[in-house]
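As a plain string of letters, each chain reads:
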Amino acid sequence: GQSLEQPSEVTAVEGAIVQINCTYQTSGFYGLSWYQQHDGGAPTFLSYNALDGLEETGRFSSFLSRSDSYGYLLLQELQMKDSASYFCAVRGLDYGQNFVFGPGTRLSVLP
Amino acid sequence: EAEVAQSPRYKITEKSQAVAFWCDPISGHATLYWYRQILGQGPELLVQFQDESVVDDSQLPKDRFSAERLKGVDSTLKIQPAELGDSAMYLCASRARERDADTQYFGPGTRLTVL
């Protein structure tokens, strides 16, 4: 099975850089994904790492280290609209190859 | 841009009543998921379909929940009877068969309140 851990809350100011960590225990997975969810809204896909290393998509970057069972989402040039919950997720190799989500990190961006 | 459609957006019901949620995935997406999300937590898988077949319903409380995707397109999730603990957001997501294999596209969700 899979289990993921994330910090429950992170606070930062506009323009700053913030890193949201995700540690996991898994019997095997295809890759690590990140989703953003605003209050009352649906999760939206942000980034995906199949291989170790850094993936960059605009202001967002994501990192994976399989040897450390660790990944993170890096948000640069924070904007007020980035205030949301962020979830990491893995798709397992077991039957169904389903996604397991972390508990989520609530990011608050202050002016 | 294609989107996953869900209805209704909000549902208030009394316990012991039956409720049903509908989902229309992005056209051509073979894989469809139903998730339940309790406030402040991550989505938890209820059932996964590949075309019209159930691939995984191990977390679906089958004594009261049922799901179907008869023609491999849209899907319905039913709860009967609803219990207070079923109050949550019910999310539907779809995924392409091969392209963007690890990208799920979520619908807006149905917020269920059981009184």
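My aim in this report is to walk through the structure given alongside it, one point at a time. The shown structure was predicted, so the numbers you read here are calculated from the model rather than taken from an experiment. (Residues numbered from 1 in each chain as written. Chains lettered and ligands numbered in written order. Predicted model: local features only at pLDDT ≥ 70, side-chain atom pairs only at ≥ 80, totals over all residues. Heavy atoms only, no water.)

**Some thoughts on the overall build of chain A**
No. 1: A count of helical and extended segments in chain A gives zero helices and 11 strands.
No. 2: Secondary structure elements in chain A, listed N-terminal to C-terminal, are β-β-β-β-β-β-β-β-β-β-β.
No. 3: Here the C-alpha atoms of chain A give a radius of gyration of 14 Å, agreeing with the 13 Å that 2.2 N^0.38 yields for 111 residues.
No. 4: Taking the principal axes of the C-alpha coordinates as reference, chain A spans close to 45 × 30 × 20 Å. (Helix = DSSP H or I, 4+ residues; strand = E, 2+ residues; numbered from the N terminus. Rg over C-alpha atoms; globule rule 2.2 N^0.38 Å.)

**Quick word on the environment of Phe21 of chain B**
All names here are of chain B.
No. 1: Here Phe21 shows up in strand 3 (residues 19-24).
No. 2: In this structure, the C-alpha to C-alpha distance between Phe21 and Leu91, residues 70 residues apart in sequence, is 9.6 Å.
No. 3: Dropping the residues within four chain positions of it, Phe21 is found in contact with Ser7, Pro8, Trp34, Ser75, Thr76, Leu77, Ile79, Tyr90, Thr110 and Leu112. (Contact = heavy atoms within 4.5 Å.)

**A few points about the interface of chain A and chain B**
No. 1: The partner chain B presents 21 residues to the 19 residues of chain A that form the contact.
No. 2: Carbon and sulfur atoms supply 50% of the area that chain A and chain B bury against each other, a total of about 1600 Å² over both sides.
No. 3: Linking chain A to chain B there are zero salt bridges.
No. 4: In this structure, the connection of chain A to chain B is made through four residue pairs in polar contact (both at pLDDT 80 or more).
No. 5: Put simply, the parts of the chain that give the side of chain A that touches chain B at least two residues each are strand 4 (29-37), strand 5 (44-49), strand 9 (84-92) and strand 10 (99-101) of chain A.
No. 6: The dominant element in the side of chain A that touches chain B, judged by the number of residues it contributes, is strand 4 of chain A, at five residues.
No. 7: Its residues assigned to classes, the side of chain A that touches chain B comprises 11 nonpolar, seven polar and one charged. (Buried area = accessible area lost by both parts, 1.4 Å probe. Salt bridge = Lys/Arg side-chain N within 4 Å of Asp/Glu carboxyl O. Polar contact = N/O pair within 3.5 Å; in protein donor to acceptor, adjacent residues only side chain to side chain. Nonpolar A, V, L, I, M, F, W, Y, C, P; charged D, E, K, R; others polar.)

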